[in-house]
Amino acid sequence: KQRLYAGRSVMVIVPHQDDEYNILGGVIEEFVNYGSTVRVVYATNGDMIIDAALRFQDAINYCGSVGIPEENVIFLGYGDQWADPGPDIYNAEPDAVLTSYAGATATYGTQSHPAYREGTPYTFNNICGDMKSVILEHSPDLIFCIDYDDHIGHMSTALIIDKVVGDLLAEKPDYRPVVLKGYAYGTAWFAQNDFFRMNILSTQNLFDEPYYQTPVVYEWERRIRFPVDAAILSRSAVNSGGYESLRQFASQPSAGDYTPGIVNGDKVFWQRRTDSLCIGAEIQTSSGQPDDLTDFLLIDNRDLKNQEHPFDNLWSPAAEDGEKRISVQLLAASDIHSIVLYDHPSPYENVLEAVIAFDDGTQLRTGPLHKTGAATEIPVHKTGITEFTVTLEAVEGEKPGLTELEAYASERQGDLSFIKLMDASGDY
């Protein structure tokens, strides 16, 4: 645990005051216990129904209870959902000023704890700029953030984070944080009530019924499991430290009732690597938009308020394109350990076969890509590669294509490994 949790600069980015506990409760405590610096960034004021001042105090109370000083609690100050008619802020015109559900048009905090940039108009460009600024100001080496949960505020924040991280990677080639994304609902708030049986149970697979998470852009087997602080566990849910932490959120009086679903022996995340060789490379395509291949977005949604399927972001060759080819010119000759392709997340638009050709004259065939949009990793193990191409040879559906294309020089990014005893069910 010392090697896993000590000496880190950690940033947690979530939409609401309680989502930090949902995604990272029991792990935040471990980072603090082992002397890491932890900052929590709240994108919204959580003010759709509840007074923002109360939610601010909840966040400060919880963070203080686990040893995070108030100066490390950061409120961007944006609205919690948006007035009708009109789009979500993620879908708005870049400089259009929106009115929040609570009637505000600019960021705000309290007298004792103002917003990160007090009085900033509610625009898409501004929330992206503030999020980018707060990341660069502190340059965390570990970023934990919300993913695309079944809540419009979670979806919007998740997509804004991906947009910002994609921009940062393109603009700052010397900054490559470890980014980990997790769900506040599927693995916590609405998860199975599995607090304790004969053992401390692990988080259950949110891609299985009845807690089916869509879109399925991750594989459960590739999750990263963080062991939690033993102090949050107990043989009785109401006597656990987790229950006491959830009781810190006075604006959510029923939060403690969700303890059996939220508290487990582990917290689950998926790593989005930021060290792809394709970032900054010259990418050309025989048709379609090549920028979509390296923008960090595995999914996108141009109309969050109508909750359409988030299949709007991908490179898809034109129907009449006979080549269906991506050409990648790397910044320098590089060793390539693997290439990762992400298929269209729709189960009906699929790449059935692709060929990867390298400038050393060799080729690799991919076979069918994961139909849900999860990563398909192609082992490469080549040295001194400057160029490669990806050609789609067999596809199905009206708009097949790729959401992302990545190439890596090493097997993994960062050092998050640990050893822990498990039983046959995978429980610690």
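Quick look at the structure, then. Predicted model, so just to flag it, every value in this text is computed and none were measured.

Going through the model one piece at a time under the given rule, you end up with 19 salt bridges. A salt bridge links Arg222 to Glu377, with the shortest nitrogen-to-oxygen separation between them at 3.3 Å. Pair noted here: Arg222 is in the loop between helix H7 (185-189) and strand S6 (224-227) and Glu377 is in strand S12 (residues 375-396), with a separation of 155 residues, a long-range link. A residue is classified by how much of its surface remains accessible, and Arg222, at 41% relative accessible area, is partly exposed. We classify Glu377 as partly exposed; its relative accessible area is 34%. Salt bridges linked by common partners bring Asp147, Asp162 and Lys181 together as one network.

On inspection of all chains with the given rule, the structure shows 24 aromatic pairs. Both rings, one in Tyr183 and one in Tyr218, keep their centres 6.4 Å apart while their planes meet at 70 degrees; by these two values the pair is edge-to-face. You can see Tyr183 sitting in the loop between strand S5 (178-182) and H7 and its partner Tyr218 sitting in the loop between H7 and S6, a full 35 residues away along the chain. Here Tyr183 matches Tyr218 in class, with each residue buried. Each member of the aromatic cluster is reached from another via a ring pair, and the members are Tyr5, Phe31, Tyr34, Phe144, Phe226 and Phe269. The ring of Phe296 carries the charged tip of Arg272 above its face, separated from the ring centre by 4.0 Å. Its end group placed over the ring of Tyr408, Arg273 keeps NZ or CZ at 3.8 Å from the ring centre.

In terms of nonpolar packing, the biggest core is built from 101 residues, with Ile135 and Phe226 touching the most fellow members. Take this core: its biggest share by element is 10 residues, from helix H6 (residues 152-171). Apart from residues lying up to four places away in sequence, Phe226 is in contact with Leu4, Tyr5, Val27, Phe31, Phe144, Leu180, Gly265, Asp266, Lys267, Phe269 and Leu416. By size, the runner-up hydrophobic cluster in this structure holds 25 residues, among which are Val351, Leu369, Val380 and Leu405.

On to the pairing of strand S2 (residues 37-44). Of all 8 residues that make up S2, 7 are buried, and the element is covered over most of its length. Sheet topology places strand S1 (residues 9-14) next to S2; 6 bridges connect them, and they run parallel. Opposite Ile13, over in S2, you have Val41 as the bridge partner. As paired elements, S2 and strand S3 (residues 73-78) share 4 bridges and run parallel to each other. Within S3, the position partnered with Thr44 by the bridge is Tyr78.

Along its 20 residues, H6 runs 29 Å from first to last C-alpha, staying within 8% of the 28 Å computed at 1.5 Å per residue. The buried count for H6 comes to 16 of 20 residues, which makes it a mostly enclosed element.

Next up on the list: helix H4 (residues 52-65). For H4, which comprises 14 residues, the first-to-last C-alpha distance of 20 Å matches the rise-based estimate of 20 Å (1.5 Å per residue) to within 8%. All of the buried residues along H4 are Ala52, Arg55, Phe56, Asp58, Ala59, Ile60, Tyr62 and Cys63. Looking at the buried side of H4, the elements it contacts are helix H2 (19-24), helix H3 (28-33), S2, S3 and helix H8 (241-246). The N-terminus of H4 is capped by Asp51, whose side-chain oxygen sits 3.1 Å from the backbone nitrogen of Ala53. Phi turns positive one or two residues past the end of H4, at Gly67, with a value near 95 degrees.

Let us look at unusual backbone geometry. In this structure, the amide linkage connecting Asp84 to the following residue, Pro85, adopts the cis form with an omega of -10 degrees. Looking at where Pro85 falls in the secondary structure, it is placed in the loop between S3 and helix H5 (124-138). The amide bond that connects Thr214 to the next residue, Pro215, takes the cis arrangement and shows omega of -10 degrees. For Pro215, the position within the fold is in the loop between H7 and S6. One non-glycine residue, Asp18, lies in the positive phi region at around 145 degrees. Along the chain, Asp18 turns up in the loop between S1 and H2. Residue class for Asp18 comes out buried when judged on its relative accessible area of 10%. In this structure, Ser139 takes a positive phi of about 45 degrees despite not being glycine. With respect to the secondary-structure elements, Ser139 resides in the loop between H5 and strand S4 (142-146).

This next bit is on the pairing of strand S7 (residues 266-272). Of all 7 residues in S7, 6 are buried; the element is thus mostly enclosed. Pairing of S5 with S7, which is carried by 3 bridges, proceeds in the antiparallel orientation. Residue pairing for S7: Val179 is matched across the bridge by Arg272. Pairing of S6 with S7, which is carried by 4 bridges, proceeds in the antiparallel orientation.

Tallied over the full model, the rule gives 0 disulfides. Summary of cysteine pairing: Cys63 is not part of a disulfide, and the nearest cysteine sulfur, belonging to Cys145, is at 16 Å. Cysteine Cys145 remains unbridged, with the sulfur of Cys128 as its closest cysteine sulfur at 14 Å.

Calculation criteria
Residues numbered from 1 in each chain as written. Predicted model: local features only at pLDDT ≥ 70, side-chain atom pairs only at ≥ 80, totals over all residues. Heavy atoms only, no water. Salt bridge = Lys/Arg side-chain N within 4 Å of Asp/Glu carboxyl O. Helix = DSSP H or I, 4+ residues; strand = E, 2+ residues; numbered from the N terminus. Buried < 20%, exposed > 50% of the residue type's maximum accessible area, 1.4 Å probe, protein only. Phe/Tyr/Trp six-rings, centres within 6.5 Å; stacked < 30°, edge-to-face > 60°. Lys NZ or Arg CZ within 6 Å of the ring centre and 35° of its normal. Core = buried A, V, L, I, M, F, W, Y, C linked by side-chain atoms within 4.5 Å. Contact = heavy atoms within 4.5 Å. Pairing = 2+ DSSP bridges. Expected span 1.5 Å × (residues − 1). Polar contact = N/O pair within 3.5 Å; in protein donor to acceptor, adjacent residues only side chain to side chain. Disulfide = S-S within 2.5 Å.

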